[in-house]
Amino acid sequence: MGLWSDRVVPHLVDRALSTPEVRALRDAACAGLAGRVLEIGAGSGLNLSHLPPAVTRLDVVEPSDVAWRLSAGRRAAAGVAVDRVGLDGASLEADAASYDAVLSTFTLCTIPDVAAALSEVRRVLCPGGSFHFVEHGRAPDARVAAWQRRLDPVQRAVCGGCHLSRDVPGLVGSAGLDVVELRTEYLPGPAVSRPWTHGFAGRAVAG
């Protein structure tokens with residue numbers, strides 16, 4: 001499974017998360033970003049084309065060397081310098097209050113210690129800085145949520161540690177970030193896909 005997760009999953013994620021529906025979510029998540037920005041789990045660079053011109057610097061944390069190589073073309077075409085500054089979102093090599101904003105898309109589902117990662121997000125944000133996120137997670141429908149819990153072990157094994165049932169808004173709030181905008185819905189598609197497609201898009205601020 002190590003070879004699968006390390007070599008294959010980054011390619012699958014690059015394809016699965018570049019649909020028009022997901023690109024629209026990325027565009028919304030990146031709106032309002034400005035100044036010095038940190039991206040947690042940058043993957044293959046799918047957010048780069050959505051960054052507004054007001055972003056003056058982008059530092060990224062990305063554990064996968066394969067995903068980092070996949071992002072090379074997108075980094076070259078980006079309108080801002082992109083620096084890889086770490087591998088672990090739960091232990092950031094950055095000073096406190098050093099970023100104007102933090103961006104995370106489809107990453108909190110996979111980080112093993114997600115509470116520690118969000119605590120780090122809170123630490124590195126400047127006072128009043130914003131955390132922009134798009135994630136999938138626990139559905140409000142009890143039947144769907146039950147299926148998410150049943151499928152979680154398979155999902156983690158096949159998709160590089162990804163969880164279906166995390167309560168993303170609750171985790172963000174527990175880290176001391178105030179959720180000021182939140183959109184929660186299923187992506188379009190058949191009902192059978194709902195354990196995988198219930199998502200959250202929002203913005204939280206550091207006090």
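Residues numbered from 1 in each chain as written. Predicted model: local features only at pLDDT ≥ 70, side-chain atom pairs only at ≥ 80, totals over all residues. Heavy atoms only, no water.

Visitor: Just give me the short version of the pairing of strand E2 (residues 55–61), but keep the residues and values in it.
Guide: Along any regular strand the residues' side chains alternate between the sheet's two faces. Here E2 lies mainly inside the structure; five of its seven residues are buried. The sheet contact formed by strand E1 (residues 35–40) and E2 spans six bridges and is parallel. Looking across to E2, one finds that Gly 35 is bridged to Val 55. Summarising the sheet, E2 and strand E3 (residues 82–86) pair through four bridges and their orientation is parallel. Following the sheet pairing, Asp 59 is matched in E3 by Asp 83. (Buried < 20%, exposed > 50% of the residue type's maximum accessible area, 1.4 Å probe, protein only. Helix = DSSP H or I, 4+ residues; strand = E, 2+ residues; numbered from the N terminus. Pairing = 2+ DSSP bridges.)

Visitor: Pulling in residues and values, what's your account of the sheet that holds strand E6 (residues 177–186)?
Guide: Strand order in the open sheet formed by seven strands is E3-E2-E1-E4-E5-E7-E6, and the pairing between neighbours is mixed. Each edge of the sheet is formed by a strand with only one pairing partner; in this case those strands are E3 and E6. Taken pair by pair, the neighbouring strands of this sheet meet at an average axis angle of 20 degrees, ignoring direction. In this structure, E1 lies alongside strand E4 (residues 99–105), joined through four bridges in parallel fashion. Considered in E4, the bridge of Leu 38 is made with Val 102. Packed onto the sheet, helix H2 (residues 20–30) meets E4, strand E5 (125–136), E6 and strand E7 (198–206) and runs at close to 165 degrees relative to E4. Running at roughly 145 degrees to E5, helix H5 (residues 114–124) makes contact with E1, E4, E5, E6 and E7 of the sheet. (Axes fitted to C-alpha atoms, helices over the stretch in contact; angles between N-to-C directions. Contact = heavy atoms within 4.5 Å.)

Visitor: Outline unusual backbone geometry, listing residues and values.
Guide: Positioned with a positive phi, Ala 97 is a non-glycine residue whose angle comes to about 55 degrees. Secondary-structure assignment places Ala 97 in the loop between E3 and E4. Residue Ala 97 is classed as partly exposed on the basis of its relative accessible area, which comes to 35%. With a phi close to 55 degrees, Phe 106 is a non-glycine residue in the positive phi region. With respect to the helices and strands, Phe 106 occurs in the loop between E4 and H5. Taking the relative accessible area as the measure of exposure, Phe 106 reaches 17% and is therefore buried.

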